[in-house]
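# Residue-level structure breakdown
So you can see what is in the structure, the chains are spelled out below.
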Amino acid sequence: MSNVLRVEPDYRSRFPPLGLLRIAAYHKAKGDHVTFTRGTVEELRALSWHRIYVSSLFTYELPRTVRTVKYYRTAVDSEEHIIVGGIGVSLLPDYIRERVPCRIVTGLLTRPGMLDGEKNPIANYTPDY
């Protein structure tokens, strides 16, 4: 069982990102412990996480996404375990890549194996609200 943190940077948004909701469903189906937060939370950064997923919504909010990734960097063993996805990073992946070490996933999670060795695409999971 893994500890998984899903983070939406503290930009203004009414609804949690659909991708993070589907990622939660995938990890919960594997028996992992999944947590969601918005912004930077000191108590969560102090914990050890197997994976941290960070969403990016708007390209003009990418600086905030970079700050969020840097904030949580010490909570994982490897930069490969911080995964950034979403519309913003899909449109401007080099912006993130040049500023902070992490794993970048662009586009929709429509193929098996885009995150792990998952057999079903993450996009097929029912979002875990």
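Presented here is an overview of the structure given in this document. (Residues numbered from 1 in each chain as written. Predicted model: local features only at pLDDT ≥ 70, side-chain atom pairs only at ≥ 80, totals over all residues. Heavy atoms only, no water.)

For a regular strand, side-chain orientation follows a simple rule: the groups alternate between the two sheet faces. With 4 of 5 residues buried, strand 4 (residues 82–86) lies mostly within the body of the structure. Here 2 bridges tie strand 4 to strand 5 (residues 103–104), and the two strands are oriented parallel to one another. In the sheet register, Val-84 faces strand 5, and the bridge partner there is Ile-104. (Buried < 20%, exposed > 50% of the residue type's maximum accessible area, 1.4 Å probe, protein only. Helix = DSSP H or I, 4+ residues; strand = E, 2+ residues; numbered from the N terminus. Pairing = 2+ DSSP bridges.)

Right, let's talk about helix 1 (residues 18–29) for a bit. Given a rise of 1.5 Å per residue, 12 residues ought to cover 16 Å, and the 17 Å separating the end C-alpha atoms of helix 1 matches this to within 8%. Among all positions of helix 1, only Leu-20, Leu-21, Ile-23, Ala-24, Ala-25, Tyr-26 and His-27 are buried. Along its buried surface, helix 1 packs onto strand 1 (3–8), strand 2 (33–38) and strand 3 (51–56). In the segment just after helix 1, Gly-31 is the residue with positive phi, at about 90°. (Expected span 1.5 Å × (residues − 1). Contact = heavy atoms within 4.5 Å.)

All right, on to the nonpolar core then. One finds Ile-52, Tyr-72, Ile-82, Ile-96 and Cys-102 to be the most contacted residues of the largest nonpolar core, which totals 21 residues. Mapped by element, the contributors of at least two residues to this core are strand 1, strand 3, helix 3 (62–72) and strand 4. With 5 residues, the top contributor of residues to this core is helix 3. Ignoring any residue separated from it by four or fewer positions in sequence, one finds Ile-82 in contact with Ile-52, Val-54, Val-69, Tyr-72, Arg-73, Val-76, Cys-102 and Arg-103. With 13 residues, the next largest nonpolar core counts Val-4, Ile-23, Tyr-26 and Tyr-53 among its residues. (Core = buried A, V, L, I, M, F, W, Y, C linked by side-chain atoms within 4.5 Å.)

Right, let's get into the environment of Gly-85. Note that Gly-85 resides in strand 4. As for Gly-85 and Leu-44, which are separated by 41 residues in sequence, their C-alpha atoms are 20 Å apart. Residues within four places of Gly-85 in sequence aside, it is in contact with Val-54, Ser-55, Ser-56 and Val-105.

On their own, these measurements won't tell you what the molecule is for.
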